[in-house]
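# Secondary and tertiary structure notes
Residue-level listing of the chains:
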Amino acid sequence: MIKVLLFIKHFELGSKISSACVDAGYSVEFSDEDTDPNIFKDDSLIVFIDLDEKVFASVGLISELKRRKLKVIGLMDKIKNKERSKLQSAGCDIIFPKSSIVKNISKLITEIIN
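This is a predicted model, so every value here is computed, not measured.

### Here we look at the overall build of the chain
For the chain, the count of helices and strands is 4 helices and 5 strands. Moving toward the C terminus, one meets the helices and strands of the chain in the order β-α-β-β-α-β-α-β-α. Against the globule reference of 13 Å for 114 residues, the chain gives a C-alpha radius of gyration of 13 Å, in line with a compact fold. With the C-alpha coordinates aligned to their principal axes, the bounding extent of the chain is approximately 35 × 30 × 30 Å.

Take a look at the structure:
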């Protein structure tokens, strides 16, 4: 089963994304800034990161996840061009507005996997 990692502290957003992923047949694991990247298993494929959380909006974190060949999806309330550019250069595959992620999650995951 494909595992989705969530770097999201906001309870409601995390719950909605987690539920949508489980409904689509994916396993979900919540992670935080203290999670050791060495524990990510080979079945971990996709990461959702709340880029409005300062602790997660780190170029270092995104680069480390990308080095592990994970697909990195950033989430922001408002997408700012300067931030988007910096984070995509670090390895963020796509940055999506939080307002539309839940209703588009299964399509987005399917598109990224294929």
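That covers the picture; the talk isn't over yet.
### A closer look at the pattern of salt bridges
Considering all chains together, one arrives at 10 salt bridges under this definition. Close ionic contact of lysine 16 with glutamate 12 constitutes a salt bridge, the shortest N to O distance being 3.2 Å. Separated by 4 residues within a single helix, lysine 16 and glutamate 12 lie in helix H1 (residues 11-23), roughly one turn from each other. A relative accessible area of 43% means that lysine 16 is categorised as partly exposed. A salt bridge links lysine 66 to aspartate 93, with the shortest nitrogen-to-oxygen separation between them at 2.7 Å. Placement of lysine 66 in helix H2 (residues 59-67) and of aspartate 93 in the loop between helix H3 (81-90) and strand E5 (94-97) is noted, with a sequence separation of 27 residues between them. With a relative accessible area of 35%, aspartate 93 lands in the partly exposed category. Here the salt bridges share partners, and the residues they tie into one network are Asp50, Asp52, Asp77 and Lys98.

### Looking at the pairing of strand E4 (residues 71-76)
Counting buried residues along E4, 5 of its 6 residues qualify, which places the element largely inside the surrounding structure. When E4 meets E5, the two strands line up parallel, connected through 4 bridges. When the bridges of E5 are listed, isoleucine 73 appears paired with isoleucine 94.

### Here's the deal with the packing of aromatic side chains
Summed over all chains, the structure comprises 1 aromatic pair. Here the aromatic rings of phenylalanine 7 and phenylalanine 56 are separated by 5.6 Å at their centres, their planes lie at 80°, and the arrangement is edge-to-face. With phenylalanine 7 in strand E1 (residues 3-7) and phenylalanine 56 in the loop between strand E3 (44-50) and H2, this residue pair connects regions lying 49 residues apart in the sequence. Per residue, the accessibility class of phenylalanine 7 equals that of phenylalanine 56, and both read buried.

### What to know about the nonpolar core
If you look at the biggest cluster of nonpolar residues, it comprises 18 residues, and the most contacted ones within it are Ile17, Cys21, Phe48, Leu75, Ile101 and Ile109. Secondary structure elements with two or more residues in this core: E1, H1, E3, E4 and helix H4 (98-113). Looking at which element gives the most residues to this core, the answer is H4, with 5 residues. Counting residues in hydrophobic clusters, the runner-up holds 17 residues, among them Leu5, Phe56, Leu70 and Leu87.

Calculation criteria
Residue indices follow the written sequence of each chain, beginning from 1 at its first position. Local features in a predicted model are, by the rule used here, given only for residues with pLDDT of at least 70; side-chain atom pairs are given and counted only at 80 or more, and totals for whole chains, interfaces and linings are based on all residues. In computing side-chain values, all of the structure's heavy atoms are included and hydrogens and water are not. Helix and strand assignments follow DSSP, with helices taken as H or I runs no shorter than four residues and strands as E runs no shorter than two, numbered in order from the N terminus. We compute the radius of gyration over the C-alpha atoms and compare it with the globule rule, which gives 2.2 Å times the number of residues raised to the power 0.38. Whenever Lys or Arg places a side-chain nitrogen within 4 Å of a carboxyl oxygen from Asp or Glu, that contact is recorded as a salt bridge. We call a residue buried when its accessible area falls under 20% of the maximum for its residue type, exposed when it is over 50%, and partly exposed in between, using a 1.4 Å probe and counting protein chains only. Should DSSP find at least two bridges between two strands, the strands are taken to pair. Here a pair means two rings of Phe, Tyr or Trp (six-membered ring of Trp) with centres within 6.5 Å. Their orientation is stacked below 30 degrees between planes, edge-to-face above 60, and tilted elsewhere. As used here, the term nonpolar core means buried Ala, Val, Leu, Ile, Met, Phe, Trp, Tyr and Cys residues forming a set that is joined through side-chain atoms within 4.5 Å.

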